[in-house]
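Spelled out from the first residue to the last, the chains are:
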Amino acid sequence: VQLQAYGGGLVQAGGSLRLSCAASGRTFSSDTMGWFRQAPGKQRLFVAVISWSGDSTTYADSVKGRFTISRDNAKNTMYLQMNSLKPEDTAVYYCAATTGGWPRDPLGPYEYDYWGQGTQVTVSS
């Protein structure tokens, strides 16, 4: 069972990146999935979460209006479209999945059962 995040890179402020999270080993089509990020020396923080159907999403205030989470269950893949990137968005981005339906606390990393290895996003000023 594996989640693999990719698509990170170096981008100038104001630019865009699209992260992908590919699942293998089992189907994640019935799982709630999310994105978190961790900057050096800081805690892992919630970015966005999406329900199994894609009908429900929640975003951190810091990315609302700039980031869009989506998923394609036929491809067992989740995405994070990041626009208007800022230097403070620089972090390692992790994807995660939980098998227990919509979490009671979707912002809490402890709610998630599976984690990808992370992909680095660096935004230069």
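Structure first, text after, so check above.
To start, this report covers the structure provided alongside it. (Residues numbered from 1 in each chain as written. Predicted model: local features only at pLDDT ≥ 70, side-chain atom pairs only at ≥ 80, totals over all residues. Heavy atoms only, no water.)

Some details on unusual backbone geometry
- Even without a glycine there, the phi angle at asparagine 76 is positive, about 55°.
- Looking at asparagine 76, the relative accessible area reads 14%, which means it is buried. (Buried < 20%, exposed > 50% of the residue type's maximum accessible area, 1.4 Å probe, protein only.)

Observations concerning the nonpolar core
- In this structure, Trp35, Leu80, Met82 and Tyr93 are the most contacted members of the largest nonpolar core, which totals 33 residues.
- Of all elements in the fold, only β1 (2-6), β3 (17-24), β4 (32-38), β5 (44-50), β7 (67-72), β8 (77-82), β9 (91-98) and β11 (119-124) reach the threshold of two or more residues within this core.
- Apart from the residues within four sequence positions on either side, methionine 82 is in contact with Gly15, Ser16, Leu17, Leu19, Arg66, Phe67, Tyr93 and Val121. (Core = buried A, V, L, I, M, F, W, Y, C linked by side-chain atoms within 4.5 Å. Helix = DSSP H or I, 4+ residues; strand = E, 2+ residues; numbered from the N terminus. Contact = heavy atoms within 4.5 Å.)

Things to note about the side chain of aspartate 89
- Structurally, aspartate 89 is set in the loop between β8 and β9.
- If we skip the residues at most four places from it in the chain, aspartate 89 touches Arg37, Arg66, Phe67, Ser84, Val121 and Val123.

Regarding the side chain of threonine 32
- Its place among the elements puts threonine 32 in strand β4.
- On the basis of relative accessibility, which here comes to 2%, the residue threonine 32 falls in the buried class.
- Engagement of the side chain of threonine 32 in a polar contact is seen with the backbone oxygen of glycine 101, the distance being 3.2 Å.
- Those residues in contact with threonine 32 that sit more than four places away from it in its chain are Val49, Ile50, Ser51, Trp52, Arg71, Ala96, Ala97, Thr98, Gly101, Trp102 and Pro103. (Polar contact = N/O pair within 3.5 Å; in protein donor to acceptor, adjacent residues only side chain to side chain.)

Structural notes on the packing of aromatic side chains
- By the definition in use, this model includes 5 aromatic pairs.
- Here the aromatic rings of phenylalanine 28 and tyrosine 114 are separated by 5.5 Å at their centres, their planes lie at 85°, and the arrangement is edge-to-face. Here phenylalanine 28, found in the loop between β3 and β4, pairs with tyrosine 114, found in strand β10 (residues 114-115); they are 86 residues apart in sequence, far enough to count as distant.
- Aromatic side chains tyrosine 112 and tryptophan 115 sit 6.1 Å apart centroid to centroid with 65° between the ring planes, which places their arrangement in the edge-to-face category. (Phe/Tyr/Trp six-rings, centres within 6.5 Å; stacked < 30°, edge-to-face > 60°.)

Description of the pairing of β3
- In terms of strand pairing, β1 meets β3 through 5 bridges, oriented antiparallel. Within the sheet, the bridge partner assigned to glutamine 4 lies in β3 and is alanine 22. (Pairing = 2+ DSSP bridges.)

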